[in-house]
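Here's the letter readout for the chains.
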Amino acid sequence: MTEEKITEWINEVYSTVPLYINYAGEARREIRNTAAMPIIRKQDFVDAQDGCINPEYYIKYMRNELMTVQTSGSTGHYLQIMWDKSNYHCSMAELWLRRIKYHGIYPHNRLAYFFTDNDNTGSYISKENEFGIPKTRLMPEYIDNSYDHIMDWNPEWMLLQPSTAVLLTEYVRRKNKPVPASLRYIELSGEVLTDEVREMLKETFGCEVANQYGANEVNSVAYECPEGNMHVMTSNVYVEIVDDKNKLLCDSIKKGECEESGRIILTSLTNKAMPFIRYDIGDIGAISWKICPCGCKNPVLRLYGGRNNDFIFVDEHNRISPYVFVSIFDRINNFYDGAIVQFYIEQLRYELFEIKILADEELDKEEIIRSFRECLNTDFLIRAKYNIEFVKEPINTGVGGKYAYFRNRINKVG
């Protein structure tokens, strides 16, 4: 999309959507330059949920005809994202074209993926060509059954986060398990993908591995080509890099090397129902326009920050993903209509956790604690002790900002 088209879209949003009308102020007169417009953060959307909807989609919104996607609790924050179904599919088009081109993966190929179990059922999801495994099913007492299901499904590709991939790979190696015969591609997203994890996956499963960077707010942002470069999905997002004073360093339209890294600011070009304009995703990166041997002319996004959570230690020999807590807080939030804004957890001992919760002031705190304990669904979690504190201000984790919802302190406290 050209700069003129992007400016036209931003003009429309700032003229119609309440959130942006309120934030524009005097800057509204200078909208010829997108960099002059305010940078919007997740909390701005949380505070004005209904005011984020494009009036053109109000009727669909009121009739519950929009898709609702909740931002993963894996950031420790929550936000309900609204999508028109046609816009959602449009946002995924370029990603699918690249999957097909680079790896021969089509929508009809059998997929195995892992998801956060918001309903606390522990049930697998099987529909058409997709098989979903709850992340809680990677607990030591369930993982044998989960892997048997994966083998029976015999996926042609898998979509998972690096932390989930580590647990799955360690299990296969430890138990000397066979791998699905049809598996030929693994895609990682949602966390930092290290070279160590990439090589471990290749060696264990004997298939191609690629990285994808995205967010529920805008869907796919960048995808890795066979040369190892993350090309921006220019049909879906407009990407800017800004410094700590919000000065524009470079973007995904004007060619020019970004010599220094900065905050990644995203503008969705496809989410018309709930527009995200100059949205601070909370990550650090840079843009490169160097010619890539793969032939793709889209700029390359270099990432310098992302989700890289610790594991929960069950004992000296076993560890599990902290997503068990994401699942719990997602379920609580579903029941209390998104009243929990943020949470942060530290593991102090094998069976001792400290939890901070930022929630709606009107909530009954004892009810939240009771709901939390009712959602504990494994022997280890039930046995553990929890020090729960409710806070009134956003939680400053001091360990990397956006992606720090859990930290393991066992090695630091003995």
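Engineer: Just checking my understanding: could you explain the environment of R349 for this structure?
Structural biologist: Inspection of the secondary structure puts R349 in strand 18 (residues 340-349). A C-alpha to C-alpha distance of 9.9 Å links R349 and I312, two positions 37 residues apart in sequence.

Engineer: How should the nonpolar core be read in this particular structure?
Structural biologist: As a rule of thumb, soluble globular proteins bury nonpolar side chains together. In this structure, Y20, F45, V239 and L301 are the most contacted members of the largest nonpolar core, which totals 46 residues. Here this core gets five residues from one element, more than from any other, and that element is helix 1 (residues 3-16). With near-sequence residues (within four places) excluded, F45 lies in contact with L19, Y20, I40, C52, L79, M274, P275, F276 and Y279. Judged by nonpolar contacts, the second largest core, of 31 residues, contains I312, I332, L363 and F380.

Engineer: Mind showing me how you'd approach the sheet that holds strand 19 (residues 352-359) here?
Structural biologist: Note: strands within a sheet are paired through backbone hydrogen bonds, in either parallel or antiparallel orientation. An order of 20-19-18-21 is seen for the four strands of this open sheet, with the pairing classed as mixed. With partners counted over all chains shown, the strands left at the sheet margins are strand 20 (385-391) and strand 21 (406-408), one partner each. Sheet twist, expressed as the mean angle between neighbouring strand axes with direction ignored, is 15°. With three bridges joining them, strand 18 and strand 21 adopt parallel strand pairing. In the strand pairing of strand 21, I345 is matched with F406. Against the sheet, helix 10 (residues 323-335) touches strand 18, strand 19, strand 20 and strand 21, its axis set at about 150° to strand 18. Across the sheet, helix 11 (residues 365-375) is in contact with strand 19 and strand 20; its angle to strand 20 comes to roughly 145°.

Engineer: Just to check I follow, could you spell out helix 8 (residues 162-175) for this structure?
Structural biologist: Note: α-helices contain 3.6 residues per turn, so residues at a spacing of three or four share the same orientation. The end-to-end C-alpha separation of helix 8 is 20 Å, in line with the 20 Å expected for 14 residues at 1.5 Å each. Burial analysis of helix 8 places ten of its 14 residues in the buried class, which makes it a mostly covered element. Buried residues of helix 8: P162, S163, T164, A165, V166, L167, L168, T169, Y171 and V172, and no others. Taken from the residues just after helix 8, N176 is the one with a positive phi, measuring 55°.

Engineer: Can you walk me through unusual backbone geometry in this structure?
Structural biologist: Trans is the prevailing form of peptide bonds, just as negative phi is the prevailing case for residues other than glycine. Positive phi, normally seen in glycine, also occurs at N219, with a value near 70°. Backbone geometry at R278 places phi at a positive 50°, although glycine is not the residue there. Mapped onto the secondary structure, R278 falls in the loop between strand 13 (262-268) and strand 14 (279-288). Among the residues examined, R278 registers a relative accessible area of 2% and is labelled buried.

Engineer: What's the story with the packing of aromatic side chains in this structure? I'm lost.
Structural biologist: Two measures describe an aromatic ring pair: the distance that separates the ring centres and the angle between the ring planes. Counted by the stated rule, this structure contains 23 aromatic pairs. Look at Y124 and F131: their rings are 5.5 Å apart centre to centre, the planes differ by 20°, and that puts the pair in the stacked class. Relative to F353, the ring of F325 lies with its centre 5.2 Å away and its plane at 70°, an arrangement referred to as edge-to-face. With F325 in helix 10 and F353 in strand 19, this residue pair connects regions lying 28 residues apart in the sequence. As far as the burial class goes, F325 and F353 line up, both buried. Three or more aromatic residues joined by ring pairs form one cluster here, namely F325, F329, F343, F353, F372, F380, Y386, Y405 and F406. Geometry around W96 places R99 over its ring, the cationic atom sitting 4.5 Å from the centre. In this structure, R137 is placed above the aromatic ring of Y142, and the distance from its NZ or CZ to the ring centre is 4.6 Å.

Engineer: Would you explain the packing of helix 7 (residues 143-153) against helix 8 in this entry?
Structural biologist: A pair of packed helices is captured by two measures, namely the crossing angle of their axes and the spacing between those axes. It is at 12 Å that the axes of helix 7 and helix 8 come closest, and there the two elements cross at 95°. Regarding the angle of helix 7 to helix 8, the classification is roughly perpendicular. On helix 8, the residues that touch I143, D144, Y147 and I150 of helix 7 are L167, L168, Y171, V172 and K175. In terms of residue class, the contact of helix 7 with helix 8 is built from seven nonpolar, no polar and two charged.

Quick notes on the rules
Residues numbered from 1 in each chain as written. Predicted model: local features only at pLDDT ≥ 70, side-chain atom pairs only at ≥ 80, totals over all residues. Heavy atoms only, no water. Helix = DSSP H or I, 4+ residues; strand = E, 2+ residues; numbered from the N terminus. Core = buried A, V, L, I, M, F, W, Y, C linked by side-chain atoms within 4.5 Å. Buried < 20%, exposed > 50% of the residue type's maximum accessible area, 1.4 Å probe, protein only. Contact = heavy atoms within 4.5 Å. Pairing = 2+ DSSP bridges. Axes fitted to C-alpha atoms, helices over the stretch in contact; angles between N-to-C directions. Expected span 1.5 Å × (residues − 1). Phe/Tyr/Trp six-rings, centres within 6.5 Å; stacked < 30°, edge-to-face > 60°. Lys NZ or Arg CZ within 6 Å of the ring centre and 35° of its normal. Parallel < 35°, antiparallel > 145°, perpendicular 65-115°, else oblique. Nonpolar A, V, L, I, M, F, W, Y, C, P; charged D, E, K, R; others polar.

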